[in-house]
Amino acid sequence: MLTKFETKSNRVKGLSFHPKRPWILASLHSGVVQLWDYRMGTLIDRFDEHDGPVRGVDFHTNQPLFVSGGDDYKIKVWNYKLRRCLFTLLGHLDYIRTVQFHVEHPWIVSASDDQTIRIWNWQSRNCISVLTGHNHYVMCASFHLKDDLVVSASLDQTVRVWDIVALRKKVASPGGPQRPSELDLKIPQMNADLFGGGDAVVKYVLEGHDRGVNWASFHPSLPLIVSGADDRQVKLWRMNDTKAWEVDTLRGHVNNVSCVMFHARQDIIVSNSEDKSIRVWDMSKRSGAQTFRRENDRFWILSAHPNLNLLAAGHDSGMIVFKLERERPAYASHANMLYYVKDRYLRSFEFESQRDNPLVSVRRPPGGGNNSGFRNLSYNPAENAVLINSDSEGGSYELHVLPKDDGRSGEVGNEPRRGQGVSATFIARNRFAVLDKSTHQILIKDLKNEVTKKCVPPDSTVDAIFYAGTGSLLCRAEDRMILFDVQQRAAMAEITTPLIKYVVWSNDMSLVAMLSKHAIVIANRKLGHACTVHETIRVKSGAWDDRGVFIYTTLNHIKYALPNGDSGIIRTLDNAVYVTKVIGNVVHCLDRDGKNRRIQIDSTEYVFKLALVQRKFDQVLSMIKSNVLCGQSIIAYLQKKGYPEIALHFVRDEQTRFALAVECGNIEVALAAAQALDEKETWHKLGVEALRQGNHQIVEFAYQKTKNFERLSFLYLITGNIEKLQKMLKISEMRADVMGQFHNALYLGDVTERVKILESAGHHPLAYVTAKTHGLETDAERIAEELREAGAKVPDIDASVGELLTPPEPILKEDNWPLLTVSKGFFEGVLSGEVSASQYQMDESEMEGVGGDWGDGDDLDLGVGGDDDEMEKDDPLANILPGGDDEEDRSQDGSDAGWDMEDMDLPAADLVGGSQPGSPTGIQAGEMFVAPSAGVDPRQKWTAKSAVAGDHAAAGEFDGAMKLLSRQLGIVNFKPLKQMFVDCAFASTGVLPGSLSEGDAAKMRVILSRNWDSSDPIGQVKPPNLLGTLPILEEKLKQAYRKVTEGKFSDALNLFVNIIHSITLLSVETRREVDEVKELLAIARDYAVALRIELSRKEVAKSDPNRAAELAAYFTHQNLQPIHSSLSLRSAMTIFYKMQNFQTAAGFSRRLLELNPPANVATQAKQVLQVCEKQNKDAVELNYDSRNPFVVCSGTLTPIYRGTKDLACSCCGAKYVVEKKDALCDVCNLGKVGADATGLVVSETQSSSSSRR
């Protein structure tokens, strides 16, 4: 039994599947009818109008209706769309046991404890027939699917079959009988209610059970009836036109049989009982095939889905929806072929020609259907062999060696070899692995099915194995997947996952998708986690397409997942399918019947997103111009990914265009959108953005549109536009805006106007003071006289201390201020037509700025004639890298000596050309004042639940921060972080001055929070403001890149180490930012290790040339930017050429050419390669093997080759040899080598997601 859905509730007495939707009705003993979505596992609705238990329920086949019958003697017809009861049918005089709709006619059949069966017309809402004859409770009644028959079961120990042909003819007659008088109607109707009508007659009475019969049901197509009774027996009956008889009795239940029915798709009978079991009976063998038991719950009802292979059973504490067997066909695809099992045959299917061939017959697993029990399939193309895994006998497999021509010539394959074990899979040309659960070993066998090797699994909880490339296996443990090398018998890597069911590798084996029930984990070849895609409904299958996109199916969708974690829906499905291969826009799949299907899909959306992620901007541009993309989801995606300028191209809604234009700084588009919208809020936002950019002309226009005269006046003041400021004064006067008049007069320095305004406003003393202060004696005398006449005091002032405030004259007047540079990206420039796409192609200009330590004199004397000046002009490094006599000077001044790209003597003849409140209840008079109790310091709230060390440091809790860092990153040396801790604490608080008399004692400390908003609720505590943020570190990374390019390796190393230190106290908000921080840490670590290698090389360059050469070679294997990798390869190529290690130098030349360097660099590399290939040998033996993958120990700076055990720094992750265990990391100077740590935590989302798991 495969349980698909389970509920916990009161006793379930009735069940009904919806014929089309993934819904099931459950009627409960409590009187509630529940509507569940069994696919999503959610309760859709509940209907509660019955008084007492509801024993019967049924969906209509095509109307949005269902019917229910209960112990309140009522039959209710409901509309689930309207979510209410439409009407109630009354007539039964006791409990109603079952109700059922007819598939064609508007009829309902009901069985009741009043010993009758009634047929109702739900359209006319009356009873059309009463079937009497039973002399005890009628436990169930149901219509035949095709014939005019009704079967009923009763506690009178009989099963009756009723013929309703006359009823159908009466209802279906075209004219119908003439309408009788009311008198004629009353007597027959009364008789019908008492004695039953003549429209339904008993055809057969089946006697054989010794006790009351609880259930009887028809076979959907054969003339068979099955019944179950309190005598614990299931009986099978056959009928013909004249009689019915007992065929057989099925014994096995040990208590009353509650329900029994035929399976719609297989020759089996399913029954359940009060003995807490569900039994499956084989009709052909008339014996029990399977038994499923519950510990404490008696079963009461069964229901079968009309179309799907689904069953449901109701018990004392809820219900279960289940399958009897798996419907997923076992299959494997290779190249253009699909191999799968169907109808007891192993078959092949060719994708291109659509040719399907049976290859060999396979043994049917015992107790299963055609495809049941076959778990999966593994194909070996080298030997044309197939392994088929089965669930039978606790796990077994069959090994088939197929005919060479796939069976087309009629050639019979060899007899299959069988064995016990699970997850048999090929791991080499003539070897396969199988997990033996009895001995808990991985057995390696040859094609003769003989054991050649035994391995102990890497974990005691390993219960399945999957193919992971030649000689490797993926082992499924309790909560992770382990990459296991069979040859070395060692675990190479592991990744935390849910329980994985299927593993799908990409075509080039670079990526792997691991499918669990509700998630897909995508990782690289070494199980480096790429992303996890979560689904709410079951994931069924998946396959990689040629572009590296994972196409997968759920129960009702075909979806895609990109390696960066983006996912989406491609199309919906009516029924579940299993993807076998994706070719272009065609998805090849198998359905549950084992039929091959081709489904056309639209790949535009995910191809566009993939091109954007891979920065293939020419492809993105082509798709934009072809207008094949539209929809809000694409716009939201582009905005989220930081490409608002592309989203702007798709948007037609002006409001959205305006928001996007403001986001990407496109002031022209924003202005056009604002004019189209003409809303005050829009103009305000435009003004803010224009002011940010310094475009005061648009700011002026926006302020004019919003009639924001105060801001407009101030704008004219700071731009020195006196003429328009004078106009603003007149406008204020016309608007009778006294305050505006005064401000404008103040801005203009017009004292006379200010005096006039103050007088007109009735502020004569102020007017007098203004006039007197500024020397307007006439006006001052006049106003003083008016004050004396009014009996007011004339203010005493000292006119000598006043000074006229006049606006400064602008030094230079231009049409606009110098505007903020808003750089246009690739798309904005191309889409606007300002530049062509070709101008964005990568060229040699990327090498500009390269200098300093990247090399001293990179011109190699290759013996090629030509103009040195021309060579210098073509090479962007030629004018930057010093050469000649400067080389010795640089090596003696104590600075880094550069890349040492010196001259090489190559024979010219061999070369070719190229390029809270206070008191308790209220204060009474005379009571003592009680001060409010102190609130909680926000800094305590920062540390209460936070697991981010930066929050603790910001709160001044240095001890807590150090404990977190010690646990999370294994940090043992906190000295480098001391100043950062102090800076974090100071950055999260501010000081506001108090009264001058109090001095420092009155200063108020203010908490500085990040993401603060004026609309935040009072008392809400936001996270602390931190000194370092992700954008700041990203900018620091760019600076470090520039230092590396310029050859300032020591400065660059300090910057990268500082980034690592800053990350330990970083705090971000989203999961995406967490991933970015982890990526930033990896980049900084890799560069720090690389630069330490290069600086060490320069130290030993003269004293130990061989060691210097080894370090130069190691440097080329570090994870660097392409330009830096290119320069490192040029340096190594030069050094090894001069050592006459031509074979290794040739390798560097080839790797350099793979990076597509500038033309002159490529020419030089080709020439070196040509010379080295002629003398393909190394003069000096070094500790360097380019063919064996390795990482460099950050302590000894020696290679750690694959398969050799290594350790890592608990903080930055730098690799070390095992001898360095417990040493302080030389890279970050913080962590301990080989220490246990839980991992970097920089966001609360990390702790919340881990708690959910």
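Residues numbered from 1 in each chain as written. Predicted model: local features only at pLDDT ≥ 70, side-chain atom pairs only at ≥ 80, totals over all residues. Heavy atoms only, no water.

For the chain, the name recorded in an unreviewed UniProt entry is Coatomer subunit alpha, with Bathycoccus prasinos as its organism. Note on the chain: under the UniProt heading Subunit (unreviewed entry), the record states "Oligomeric complex that consists of at least the alpha, beta, beta', gamma, delta, epsilon and zeta subunits." (UniProt positions renumbered as here; feature names shortened; annotations may be inferred.)

(A) Structural detail: the environment of Leu-324. Within the secondary structure layout, Leu-324 lies in the loop between strand 28 (318-323) and strand 29 (331-334). Note: C-alpha distance between Leu-324 and Asn-309 (15 residues apart in sequence) is 8.0 Å. The contacts of Leu-324, once residues within four sequence positions are left out, are Met-1, His-263, Ile-268, Val-270, Val-280, Gln-290, Phe-292 and Leu-311. (Helix = DSSP H or I, 4+ residues; strand = E, 2+ residues; numbered from the N terminus. Contact = heavy atoms within 4.5 Å.)

(B) Structural context of the sheet that holds strand 3 (residues 23-28). Taken in spatial order, the four strands line up as 2-3-4-5 in an open sheet, and their pairing is antiparallel. One side of each edge strand has no neighbouring strand; the edge strands of this open sheet are strand 2 (12-17) and strand 5 (42-47). Between one strand axis and the next, the sheet turns through 20° on average, direction left out of account. Here strand 3 pairs with strand 4 (residues 33-37) via five bridges, running antiparallel. Across the sheet, the residue bridging to Leu-25 is Leu-35, located in strand 4. (Pairing = 2+ DSSP bridges. Axes fitted to C-alpha atoms, helices over the stretch in contact; angles between N-to-C directions.)

(C) Main features of the sheet that holds strand 41 (residues 464-467). Here four strands make up an open sheet; going across it, the order is 41-42-43-44 and the pairing antiparallel. The two strands at the open ends of the sheet, each matched to only one other strand, are strand 41 and strand 44 (490-496). Neighbour to neighbour, the strand axes of the sheet diverge by 25° on average, direction disregarded. Sheet topology note: the strand 43 (residues 480-485)/strand 44 ladder contains six bridges and is antiparallel. Bridging across to strand 44, Phe-484 finds its partner in Ala-491.

(D) Examining the layout of surface pockets more closely. Each pocket or cavity is described by its volume, and for the second largest pocket that value is around 1300 Å³. Together, 47 residues line the second largest pocket, and Ala-332, Ser-333, Tyr-467, Val-503 and Trp-505 are the ones closest to its centre. The set of elements that each furnish at least two residues to the lining of the second largest pocket consists of strand 29, strand 33 (374-380), strand 37 (422-428), strand 41, strand 45 (500-505), strand 49 (539-544) and strand 53 (577-583). The class makeup of the residues in the lining of the second largest pocket is 26 nonpolar, 14 polar and seven charged. (1 Å grid on protein atoms, 1.4 Å probe; cavity = no way out; pocket = protein on both sides within 12 Å on 5 of 7 lines; lining within 4 Å. Points joined across faces, edges and corners; volume = space filled by probe spheres on them. Nonpolar A, V, L, I, M, F, W, Y, C, P; charged D, E, K, R; others polar.)

(E) View of helix 30 (residues 1159-1174). With 16 residues, helix 30 should cover 22 Å at 1.5 Å per step; its first-to-last C-alpha distance of 23 Å lies within 8% of that length. Of the positions making up helix 30, those classed as buried are Asn-1160, Val-1161, Ala-1162, Thr-1163, Gln-1164, Ala-1165, Gln-1167, Val-1168, Leu-1169, Val-1171 and Cys-1172. (Expected span 1.5 Å × (residues − 1). Buried < 20%, exposed > 50% of the residue type's maximum accessible area, 1.4 Å probe, protein only.)

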